[in-house]
Amino acid sequence: MPLLDSYGRKIRDLRVSVTDRCNFRCFYCLPDGEPPMARKDTILTFEEIAYLSDIFVSLGIEKIRLTGGEPLIRKDLVKLVRELSKLKPALHDLALTTNGFDLPRHAAAFKDAGLDRVTISLDSLDREKFAEITAVDALEKVIAAIDSARKYGFEPIKINAVIVRGRNDDEIVDFARFAREQNLKIRFIEYMPLDSGHGWQRDQVVSGREIVDAINAVYPLELIDQNRGSETSWKYSFADGSPGEIGIIAPVTEMFCGACSRIRLTADGQIRTCLFSTAEHNLRDVLRSGAGRDEIVEFIEGVVMKKEPRHYINDAEFVQPDRTMSFIGG
Ligand code: SAM
Ligand code: SF4
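Engineer: What am I meant to see in the packing of helix α1 (residues 46-58) against helix α9 (residues 293-304) here?
Structural biologist: Between two packed helices, what matters for the description is the angle formed by their axes and the separation of those axes. Axis separation between α1 and α9 bottoms out at 11 Å; the angle between their running directions is 65 degrees. The two elements α1 and α9 cross, and the hand of that crossing is right-handed. Contacts between α1 and α9 involve Tyr51, Leu52, Asp54, Ile55, Phe56 and Ser58 on the former and, on the latter, Arg293, Ile296, Val297 and Ile300. Looking at the contact of α1 with α9 residue by residue, the classes come out as 7 nonpolar, 1 polar and 2 charged.

Engineer: Sorry if this is basic, but what is going on with the site of ligand 1 here?
Structural biologist: Around ligand 1 sit 18 residues, and of these Tyr28, Gly69, Ser121, Asn160 and Met192 come closest. Met192 has a polar backbone atom sitting 2.9 Å from a nitrogen atom of ligand 1. Those elements that provide at least two residues to the shell around ligand 1 are β5 (93-98), β7 (158-163) and β8 (185-190). For the shell around ligand 1, the residue count by class is 7 nonpolar, 9 polar and 2 charged.

Engineer: What's the story with the sheet that holds strand β14 (residues 281-282) in this structure? I'm lost.
Structural biologist: Pairing between the strands of a sheet is mediated by backbone hydrogen bonds and can be parallel or antiparallel. Strand order in the open sheet formed by 12 strands is β9-β10-β11-β8-β7-β6-β5-β4-β3-β12-β13-β14, and the pairing between neighbours is mixed. Whereas interior strands pair on both sides, the edge strands pair on one side only; in this sheet they are β9 (221-223) and β14. As paired strands, strand β12 (residues 262-265) and strand β13 (residues 270-272) are joined by 2 bridges and run antiparallel to one another. Paired with Arg264 across the strands is Arg272, a residue of β13. Its contacts with the sheet put helix α5 (residues 139-151) on β6 (117-121) and β7, and the angle it makes with β6 is roughly 165 degrees.

Engineer: Is there a simple way to think about unusual backbone geometry in this case?
Structural biologist: Most peptide bonds take the trans form, and the phi angle of most residues other than glycine is negative. A cis amide bond links Lys88 with the next residue in sequence, Pro89, at an omega value of 10 degrees. For Pro89, the location among the structural elements is in the loop between α2 (77-85) and β5. In this chain, Glu155 is followed by Pro156 through a cis amide linkage whose omega measures 0 degrees. Residue placement: Pro156 occurs in the loop between α5 and β7. In this model, His198 sits at a positive phi of 50 degrees, which is unusual for a non-glycine residue. Of note, His198 is situated in the loop between β8 and α7 (208-216). Using a relative accessible area of 48% as the deciding quantity, one classes His198 as partly exposed.

Rules used in this analysis
Residues numbered from 1 in each chain as written. Chains lettered and ligands numbered in written order. Predicted model: local features only at pLDDT ≥ 70, side-chain atom pairs only at ≥ 80, totals over all residues. Heavy atoms only, no water. Axes fitted to C-alpha atoms, helices over the stretch in contact; angles between N-to-C directions. Helix = DSSP H or I, 4+ residues; strand = E, 2+ residues; numbered from the N terminus. Left-handed = near helix turned anticlockwise from the far one by under 90°. Contact = heavy atoms within 4.5 Å. Nonpolar A, V, L, I, M, F, W, Y, C, P; charged D, E, K, R; others polar. Near = heavy atom within 4 Å. Polar contact = N/O pair within 3.5 Å; in protein donor to acceptor, adjacent residues only side chain to side chain. Pairing = 2+ DSSP bridges. Buried < 20%, exposed > 50% of the residue type's maximum accessible area, 1.4 Å probe, protein only.

What follows is the structure, given as structure tokens:
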């Protein structure tokens, strides 16, 4: 039986944050400097993550995405990838989201260890603007990361770009051109209120609709599928048959909670049933209390039943969660 929540949604997708630390300071995520670090002994070990992932997969999880913070900061991440890839074929898809800074050094080892896909975050194609957004002068490194992902066979490569009004909304068409020239799947993400600086403002959100319209005016787009299932993005191809793909992730203006199939495990072993959850469920303590596999399964099933029906970003009483994107695992 797959994991089902109380609204009948099947939970198939687990995001595992392997660290809440990061070497970038993206203004929309972690502008305030290193977060107060979780005590080292609270961070799940690779053995614990692998054991819990095995249980999740036995409960119907088909996709695992490693994220963070910056997952490549975690030493020997390739060892975890190797362990998790043993869960295939029940695990259909093992993916990684990274800022790309350290990817060239590890791409070959990740491929060899069984990683299926990488998503690389890139919010500007202009060197200075990239440095302003991330606080690190590393555009060249991220471009090199895309090349290394291609070299080691991670295609199709996905790029995440968070578009924020007044910061990089003038680059939407440049990104579309980049997708065409480099044969990339560029996913434009609406800015969400999950930044550690609590600086999010509604008028900074560039809606998915605006992004599609801007691209369409220059490079006409065709919606690939009217029904996106549990996918977070609307996908578009270029009408002229050019390579590349555009994805639109619009959680703020076009809520997709009704089809959500995701849960998250934080680096310190808390289950979060929604990005915007204000409560967490301490799986680490259950695991470390010596609970048997059946008890862990029962705990997970109980937590999934508490998954929120939707997020409340657009409600007047919305409260930003205490833990921000870099803790939760985007
Ligand atoms: N450090 C890795 C990276 O940047 O790809 C993985 C973790 S990061 C938290 C995962 C994704 O969340 C990134 O693509 C990032 O752009 C996105 N993200 C972070 N803060 C966000 C926010 N406030 N709104 C929308 N997306 C955000
Ligand atoms: Fe780090 Fe990723 Fe957050 Fe940027 S988006 S600060 S790279 S965790």
